[in-house]
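Working through the structure, step by step
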Amino acid sequence: MSEAHAEAAVHAHAAPTGFIRKYIFSLDHKVIGIQYYFLALVAVFVGMFLSLLMRIHLVWPTAHLPLVGEIKPETYLTLLTMHGTIMVFFVLTTAPQSGFGNYVLPIQIGAPDMAFPVLNMLSFWTTFLSFVIMLAAFFVEGGAPLHGWTGYAPLSAIPSAGPGQTLGADLWIISIAVFCAASLMGALNFITTTLDLRARGMSLMRLPLTCWSWFITAILGLLAFGVLAAAGILLLLDRNVGTSFFVPGGLVMTGIPVKHQGGSPLLWQHLFWFFGHPEVYIAILPGMGVASQILSTFSRKPIFGYRAMVYAMLSIGLLGFVVWGHHMFMSGMSPYSAFAFSVMTMAIGVPSAIKTFNWLGTIWRGRVRFYTPMLFAIGFVSLFVSGGLSGPFLAQPQLDINLHDTYFVVAHFHLIMGVAAIFGIFAGTYYWFPKMFGRMMNERLGQAHFWLTFIGTYAIFMPMHYLGIAGHPRRYSQLTEIKFLEPLMSLQEFITIAALITIGAQIIFVINLFWSMFKGPKASVNPWEATTLEWTVPSPPPHDNFGGRVPVVRHGPYEYAVPGATRDFVMQDEEQPVQMHS
């Protein structure tokens, strides 16, 4: 038995027969990937609903909404907290890495499954449990917490700090800690799978850039989520056991002295942002991989500067761990520390610029096919650049101190971390849907979905830059009592209307998604004429991915427009006696 066959035999497991083992507690990475995807889909609609309530309240503060009633200031802060938490953890972290990564990574590297199938299943169900605990915070006495998705101490550390800071805040922390445990299991699985289960001939420099992005993201997750989990446990101890890790001595809350001493709120900020900044790249790196894959495929050209793209992603991952202090310029840190964090933050723009120029170089003079996946990939690049351009302003301590508590920051992180990553998710959905479900999505509905979402996104977030420069503070629940904000109210109304239209456009996507699952045209093995291994197997793939065949990789992942080839592309496992791109 060959080494590759032996490797496959070790990790293969029998096909399930019953409904429970096939669809609920499945060990198949493809089923688990789809489970993650639909968990994120539910979460994104919960998060969008919360943001819709906030937008309505900002422009119609006295409105009585069905089932919700009138939104009070503390309710607004609760919506803010839960919207940020659900979107960051259960959407931006879950769908691009755990969803698409689980489904596609093993097939793209030529493996029958993930390295640890049982751990993979446990990771999903632990994430699901975490989501249930998070939602449960809405229904306990006092409701969900209002301390923001960053959970800054001492507000988050003292149960008497406000409504929602009792059991709701405990559930929030427990949910985050459980999510961290699930993410650590997933990270170990991704790293081991990438290193150990690659098919013969699949060297690291023949990996598709999607695999590189999932691999680097897993390393970031392994290093970052452990820190957040430890910080969460300390916060729970402060709240329930009387320790003082994050609560300083001499604190008086609503006229009552707080019985804590010696803690440091800044310690929480350091621990949180040591996780929080890499989290930005955990959300966006998989989108970079998906965009690279799609731009090359639909431009019919090799990716421009493959090695530079790999080293740029590695650099972004490394530098992401040394810039957390730029989130704390307002904390009163030493100017020398602020200068160091500022320089490192500016440095991270270099690999980001390399990736952007290489994406543009890939499209340049290509025979571009403007299908929906390509449109969303181009949209990803556009939003990544638009959001990134405001980053250097916030990297300057002198400017950040003025802009930090304004809508300028809201616009920045929503563009580069939020909607850019979501465009990556949409691009991946339209691209891999034929492989996942064996049918094609409706192209016209896809293009309508793209244009409404693309224009709507810019209509929502570009005006927020102006609001920020004009001094409009974020986190304020009601603007009617603030005189200097009155001239800006019309802009807030415009943003809310744009948000309503953009959210409405997502209904087109949902209809297209579910209708196409059952009624869409049958997909061929390789409808996009792509080169990577997932397009060599049936749509959808069999249980063991390759039907007992062990693939052998002979080429790089982006062999398009190869001189002398019989087609304008060469599959990775294809035997072609032609000169490939270097």
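A brief report on the enclosed structure follows.

Rules behind the numbers
Residue numbering note: each chain is counted from 1, following its sequence as written. In keeping with the model being predicted, local features are shown solely for residues with a pLDDT of at least 70 and side-chain atom pairs are shown and tallied solely at 80 or more, while totals for entire chains, interfaces and linings include all residues. Here the side-chain values reflect all heavy atoms present in the structure, with hydrogen atoms and water set aside. For salt bridges, the criterion is a side-chain nitrogen of Lys or Arg within 4 Å of an Asp or Glu carboxyl oxygen. The helix and strand labels rest on DSSP assignments: H or I over at least four residues marks a helix, E over at least two residues marks a strand, and numbering proceeds from the N terminus. Relative accessibility under 20% of the residue-type maximum defines a buried residue, over 50% an exposed one, and the middle range a partly exposed one, all with a 1.4 Å probe and only protein chains included. As used here, the term nonpolar core means buried Ala, Val, Leu, Ile, Met, Phe, Trp, Tyr and Cys residues forming a set that is joined through side-chain atoms within 4.5 Å. Note on definitions: a residue-residue contact is assigned when non-hydrogen atoms from the two residues lie within 4.5 Å. To define axes, lines are fitted to C-alpha atoms, for helices over the stretch in contact only, and angles between the resulting N-to-C directions are given on a 0 to 180 degree scale. Oblique is the label for every angle not falling under 35 degrees (roughly parallel), over 145 degrees (roughly antiparallel), or within 65 to 115 degrees (roughly perpendicular). Here is the rule for handedness: rotate from the far helix to the near one, and if that takes an anticlockwise turn smaller than a right angle the crossing is left-handed, while a clockwise turn gives right-handed. All amino acids are sorted into three groups, where Ala, Val, Leu, Ile, Met, Phe, Trp, Tyr, Cys and Pro are nonpolar, Asp, Glu, Lys and Arg are charged, and the leftover types, Gly among them, are polar. Working rule for helices: expected span equals 1.5 Å times residues minus one. The arc refers to the directions leading from the helix axis to the C-beta atoms. Polar contacts, as counted here, are pairs of nitrogen or oxygen atoms within 3.5 Å of one another; within protein the pair requires one atom able to donate a hydrogen and one able to accept it, and residues that are adjacent in sequence qualify only if both atoms are side-chain atoms. Any two of the Phe, Tyr and Trp rings considered here, Trp counted by its six-membered ring, make a pair once their centres fall within 6.5 Å; the pair's planes then place it as stacked at under 30 degrees, edge-to-face at over 60, or tilted in between. The patches described consist of residues with a relative accessible area above 30% and no salt bridge, like charges being joined within 9 Å and nonpolar side chains (Val, Leu, Ile, Met, Phe, Trp, Tyr) within 5 Å. Here, Shrake-Rupley sampling with a 1.4 Å probe gives the accessible areas, and only protein chains in the shown set may cover a residue.

**A word on the pattern of salt bridges**
Taken as a whole and judged by the stated rule, the model has ten salt bridges. Note that Asp170 and Arg239 form a salt bridge whose closest N and O atoms lie 2.8 Å from each other. Of the two residues, Asp170 is situated in helix α7 (residues 167–196) and Arg239 in helix α8 (residues 209–240); the sequence distance between them amounts to 69 residues. With respect to class, Asp170 is no different from Arg239; both count as buried.

**Let's talk about the nonpolar core**
With 176 residues, the main nonpolar core has Phe89, Leu209, Trp212, Phe380, Trp432 and Met464 as its most contacted residues. Counting residues per element, this core draws most heavily on helix α16 (residues 407–437), which supplies 19 residues. If we ignore the near neighbours within four places in the chain, the residues touching Phe380 are Ile284, Gly287, Met288, Ala291, Trp359, Ala420, Phe423 and Gly424.

**Examining the packing of helix α6 (residues 117–136) against α7**
Two numbers describe how α6 lies on α7: the axes approach to 8 Å, and their chain directions differ by 165°. The angle between α6 and α7 falls in the class roughly antiparallel. For the pair α6 and α7, the sense of crossing is left-handed. On the side of α6, the interface is formed by Leu119, Asn120, Leu122, Ser123, Thr126, Thr127, Leu129, Ser130, Ile133, Met134 and Ala136, while α7 contributes Leu171, Trp172, Ile174, Ser175, Ile176, Val178, Phe179, Ala182, Met185, Gly186 and Asn189. Taken together, the residues of the contact of α6 with α7 break down into 14 nonpolar, eight polar and no charged.

**Focus on helix α11 (residues 335–347)**
Between the first and last C-alpha of α11 there are 18 Å, a value that for 13 residues agrees with the 18 Å anticipated at 1.5 Å per step. Within α11 the residues assigned to the buried category are Ala338, Phe341, Ser342 and Thr345. Taken around the axis of α11, the buried residues stretch over an arc of 105°, which confines them to a single face. Opposite its buried face, α11 presents the exposed residues Tyr336 and Phe339, each directed more than 90 degrees away. As for α11, its buried residues are in contact with α12 (349–363) and α15 (397–403). The residue sitting at the N-terminus of α11 and contributing the capping side-chain oxygen is Ser334; that oxygen lies 3.1 Å from the backbone nitrogen of Tyr336.

**Digging into α7**
Between its first and last C-alpha, α7 extends 44 Å over 30 residues, near the 44 Å set by a 1.5 Å rise per residue. Of all the 30 residues making up α7, 21 are buried; the element is thus mostly covered by neighbouring parts of the structure.

**Notes on the side chain of Asp568**
With respect to the helices and strands, Asp568 occurs in the segment after α18 (489–519). At 3.0 Å, the side chain of Asp568 forms a polar contact with the side chain of Arg300. A distance of 3.1 Å separates polar atoms of two side chains, one belonging to Asp568 and the other to Arg367.

**Re the packing of aromatic side chains**
All chains considered together, the criterion is met by 53 aromatic pairs. Taken together through their ring pairs, the aromatic side chains of Phe89, Phe90, Phe131, Trp149, Phe179, Phe225, Phe245, Phe246, Trp268, Phe272, Trp273 and Phe275 make up a single cluster.

**Things to note about the side chain of Gln269**
Along the chain, Gln269 falls in helix α9 (residues 265–299). Leave out the neighbours within four places in its chain, and Gln269 touches Tyr152, Met328 and Ser331.

**A short note on a nonpolar patch on the surface**
A cluster of nonpolar side chains, Ile233, Leu237, Val241, Phe245 and Leu267, forms an exposed patch at the surface whose accessible area comes to about 400 Å². Structurally, the position occupied by Leu267 is in helix α9.

**Details of the packing of α16 against helix α17 (residues 443–469)**
Contact geometry of α16 with α17 gives a least axis separation of 8 Å together with a crossing angle of 170°. In terms of axis orientation, α16 runs roughly antiparallel to α17. As for the relative orientation of α16 and α17, their crossing is left-handed in sense. Broken down by class, the residue content of the contact of α16 with α17 amounts to 16 nonpolar, eight polar and no charged.

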